[in-house]
Amino acid sequence: MADQTHVLFVEDDDVIREATQLALERDGFVVTAMPDGLSGLEAFRADRPDIALLDVMVPGLDGVSLCRRIRDESTVPVIMLSARADSIDVVLGLEAGADDYVTKPFDGAVLVARIRAVLRRFGHAGGSDRAEPAATAAGGVLSFGDLEIDTEGMEVRRAGQPVALTPTEMRLLLEFSSAPGTVLSRDKLLERVWDYGWGGDTRVVDVHVQRLRTKIGQDRIETVRGFGYKLKA
């Protein structure tokens, strides 16, 4: 996977940018490294990378704004990088459309693991070790009120209108639809959707659930306080 993966890396710190680029290239990634948001946007449009790593605090066009611009044009996976783990940094990045975030300073091996985890789920948006929904055998279309999920075509419609989901949102919805009415904990969703083999930040789940709700209906996914979330059957 890595030897075919093109990474856009936007970071204004020269030392971090050069060291991280070298580390990623040693792992077989092709890296385009840019020092600011505007040049990063130009590189994204010119090269169409497989994944973008965006530092939050870069000049010209900050990382959150750059993420929004990318998300307006593409569903390419985005990982935000931040020197701070403040809630506002994390939430703003995720609400802008980022799929994950990593706090600096980071270990190179951890960053590579997170990149590969994101790429695995983007390359196989419907893939999982879990059983496929029972409705797949009957045409692959699941219906929940006015919500229709085509698990084979990876398409979603609400009241007959197409709903545009990112691969992460689609995979999250597939997890819910595979067990409607069943409460899924945040830790379980991190494991199944984000491919975390270790404890992760559950804010990633919360923000993505909220983003999904705005697209499929606020009342479609229910919060079960103290336990997690469930899709209303």
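See above for the structure.
Small disclaimer: the values here were computed from a predicted structure and weren't measured.

Draft legend 1. Looking closely at the overall build of the protein chain. Per the secondary structure count, the protein chain includes eight helices and eleven strands. Counting every position in the protein chain, which comprises 233 residues, the buried fraction comes to 48%. Contacts in the protein chain between residues at least 24 apart in sequence constitute 60% of all its contacts with a sequence separation of at least 6. Split by element, the accessible area of the protein chain, about 10600 Å² in all, is 50% carbon and sulfur.

Draft legend 2. Just the pairing of strand β1 (residues 6–10), in detail. Burial runs high along β1: five of the five residues are buried. The alternating pattern of β1 places His-6, Leu-8 and Val-10 on one face and Val-7 and Phe-9 on the opposite face, and all of these are buried. Two strands pair when backbone bridges link them, and β1 and strand β2 (residues 30–34) are joined in this way by five bridges, in the parallel orientation. Paired with Val-10 across the strands is Met-34, a residue of β2. Regarding topology, helix α1 (residues 14–26) serves as the crossover connection from β1 to the parallel β2, and that connection is right-handed. Note: β1 against strand β3 (residues 51–55), four bridges, orientation parallel. What sits directly across from Val-10, in β3, is Leu-54.

Draft legend 3. Structural view of the sheet that holds β1. Spatially, five strands are ordered β2-β1-β3-β4-β5 in an open sheet, and the strand pairing comes out parallel. With partners counted over all chains shown, the strands left at the sheet margins are β2 and β5 (100–103), one partner each. Ignoring strand direction, the axes of neighbouring strands in this sheet form an average angle of 20 degrees. Along the sheet face, helix α5 (residues 108–123) touches β3, β4 (78–82) and β5 and points at about 180 degrees away from the line of β5.

Draft legend 4. Representation of helix α2 (residues 37–47) in the model. Residues of α2 that are buried include every one of Gly-37, Ser-39, Gly-40, Leu-41, Ala-43 and Phe-44, and no others. Close packing links the buried residues of α2 with β1, β2 and α3 (63–73). The distance from a side-chain oxygen at the start of α2 to the backbone nitrogen of Leu-38 is 3.1 Å, and the residue carrying that oxygen is Asp-36. Backbone geometry just downstream of α2 places Arg-48 in the positive-phi region, at approximately 45 degrees.

Draft legend 5. Up close: the nonpolar core. Residues Leu-54, Met-80 and Phe-176 are the most contacted members of the largest nonpolar core, which totals 49 residues. No other element matches the six residues that helix α8 (residues 203–216) contributes to this core. Once you skip the residues sitting within four places of it in the chain, Met-80 turns out to touch Leu-54, Val-56, Gly-63, Val-64, Cys-67, Gly-93, Ala-98, Asp-100, Tyr-101 and Val-102. The next biggest cluster of nonpolar side chains, apart from the first, holds 17 residues, and it includes Val-31, Leu-81, Val-112 and Ile-115.

Draft legend 6. Structural detail: the pattern of salt bridges. Counted according to the given criterion, the structure contains 14 salt bridges. A salt bridge links Arg-48 to Glu-73; the shortest N-O distance between them is 3.6 Å. A residue pair is termed long-range when its members are at least 10 positions apart, and Arg-48 in the loop between α2 and β3 and Glu-73 in helix α3 qualify at 25 residues. Taking the shortest distance from any N to any O, the salt bridge between Arg-186 and Asp-206 comes out at 2.7 Å. Of this pair, Arg-186 sits in helix α7 (residues 186–193) while Asp-206 is found in helix α8, placing the two residues 20 residues apart along the sequence. Taking the relative accessible area as the measure of exposure, Arg-186 reaches 22% and is therefore partly exposed. Note on Asp-206: relative accessible area 27%, which makes it partly exposed.

Draft legend 7. Local environment of the packing of α2 against α3. As a packed pair, α2 and α3 sit with axes 10 Å apart at the nearest point and diverge in direction by 20 degrees. Taken together, α2 and α3 sit at an angle that is classed as roughly parallel. For the pair α2 and α3, the sense of crossing is right-handed. Across the interface between the two elements, Gly-37, Leu-41, Phe-44 and Arg-45 from α2 touch Leu-66, Arg-69, Ile-70 and Glu-73 from α3. Of the residues assigned to the contact of α2 with α3, the class counts are four nonpolar, one polar and three charged.

So, how was this worked out
- Residues numbered from 1 in each chain as written.
- Predicted model: local features only at pLDDT ≥ 70, side-chain atom pairs only at ≥ 80, totals over all residues.
- Heavy atoms only, no water.
- Helix = DSSP H or I, 4+ residues; strand = E, 2+ residues; numbered from the N terminus.
- Buried < 20%, exposed > 50% of the residue type's maximum accessible area, 1.4 Å probe, protein only.
- Contact = heavy atoms within 4.5 Å.
- Areas by Shrake-Rupley, 256 points an atom, 1.4 Å probe, with all protein chains shown as cover.
- Pairing = 2+ DSSP bridges.
- Right-handed = clockwise from strand over helix to strand, strands pointing away.
- Axes fitted to C-alpha atoms, helices over the stretch in contact; angles between N-to-C directions.
- Polar contact = N/O pair within 3.5 Å; in protein donor to acceptor, adjacent residues only side chain to side chain.
- Core = buried A, V, L, I, M, F, W, Y, C linked by side-chain atoms within 4.5 Å.
- Salt bridge = Lys/Arg side-chain N within 4 Å of Asp/Glu carboxyl O.
- Parallel < 35°, antiparallel > 145°, perpendicular 65-115°, else oblique.
- Left-handed = near helix turned anticlockwise from the far one by under 90°.
- Nonpolar A, V, L, I, M, F, W, Y, C, P; charged D, E, K, R; others polar.

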